[in-house]
Amino acid sequence: QVQLVESGGGLVQAGGSLRLSCAASERTFGNHAMGWFRQAPGKEREFVATISWNGGGADYRDSVKGRFTISRDNAKNTVYLQMNSLKPEDTAVYYCAARYYRGYLSYREPSEYPYWGQGTQVTVSL
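Residues numbered from 1 in each chain as written. Predicted model: local features only at pLDDT ≥ 70, side-chain atom pairs only at ≥ 80, totals over all residues. Heavy atoms only, no water.

(A) Local environment of the overall build of the chain. Counting its regular elements, the chain contains 0 helices and 11 strands. Seen in sequence order, the chain has helices and strands lined up from the N terminus as β-β-β-β-β-β-β-β-β-β-β. For a compact globule of 126 residues, the expected C-alpha radius of gyration is about 14 Å, and the chain comes in at 13 Å, within 12% of that figure. In terms of overall dimensions, the chain has C-alpha extents of about 40 × 30 × 25 Å along its principal axes. Relative to its 126 residues, the chain shows a buried fraction of 44%. (Helix = DSSP H or I, 4+ residues; strand = E, 2+ residues; numbered from the N terminus. Rg over C-alpha atoms; globule rule 2.2 N^0.38 Å. Buried < 20%, exposed > 50% of the residue type's maximum accessible area, 1.4 Å probe, protein only.)

Structure (structure tokens):
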């Protein structure tokens, strides 16, 4: 089983930045597409960003385009989410997810990912 551990969440004021990290304990990390999702209280988990197995493709939900950047370092088995210009509506628990896939389709539905981390809280205050 692929194990994922998120870190980097915290409390930040609107307009600030955070960088989330997701470390994978998986030797075949380079064969997995990765995604970031978030879930606010009382709401469904929603797609934030995805990145292909080799970093050659990335996809973002419209509300974070130009503010968030997803990247990966396969040598370190780690995926990142750089979040800039944060807004209160970005407040949520952020999860990383993985699926074995060496292609370039972007999978946006949580149900399409078999492996998940435990999440890290991001709170953006006014």
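(B) Fine view of the packing of aromatic side chains. Counted according to the given criterion, the structure contains 6 aromatic pairs. Both rings, one in F37 and one in F47, keep their centres 6.4 Å apart while their planes meet at 70°; by these two values the pair is edge-to-face. Highlighted residues: F37 in strand β4 (residues 32-39) and F47 in strand β5 (residues 46-51), separated in sequence by 10 residues. Residue classification places F47 among the buried residues on the basis of a relative accessible area of 6%. (Phe/Tyr/Trp six-rings, centres within 6.5 Å; stacked < 30°, edge-to-face > 60°.)

(C) A look at the pattern of salt bridges. Across all of its chains, the model carries 6 salt bridges by this definition. The shortest N-O distance in the salt bridge between E46 and R38 comes to 2.8 Å. Of the residues examined, R38 reaches a relative accessible area of 6% and is grouped as buried. One salt bridge in this structure joins K65 and D62, with 3.2 Å as the shortest N-O distance. By relative accessible area, which is 63% here, D62 ends up exposed. (Salt bridge = Lys/Arg side-chain N within 4 Å of Asp/Glu carboxyl O.)

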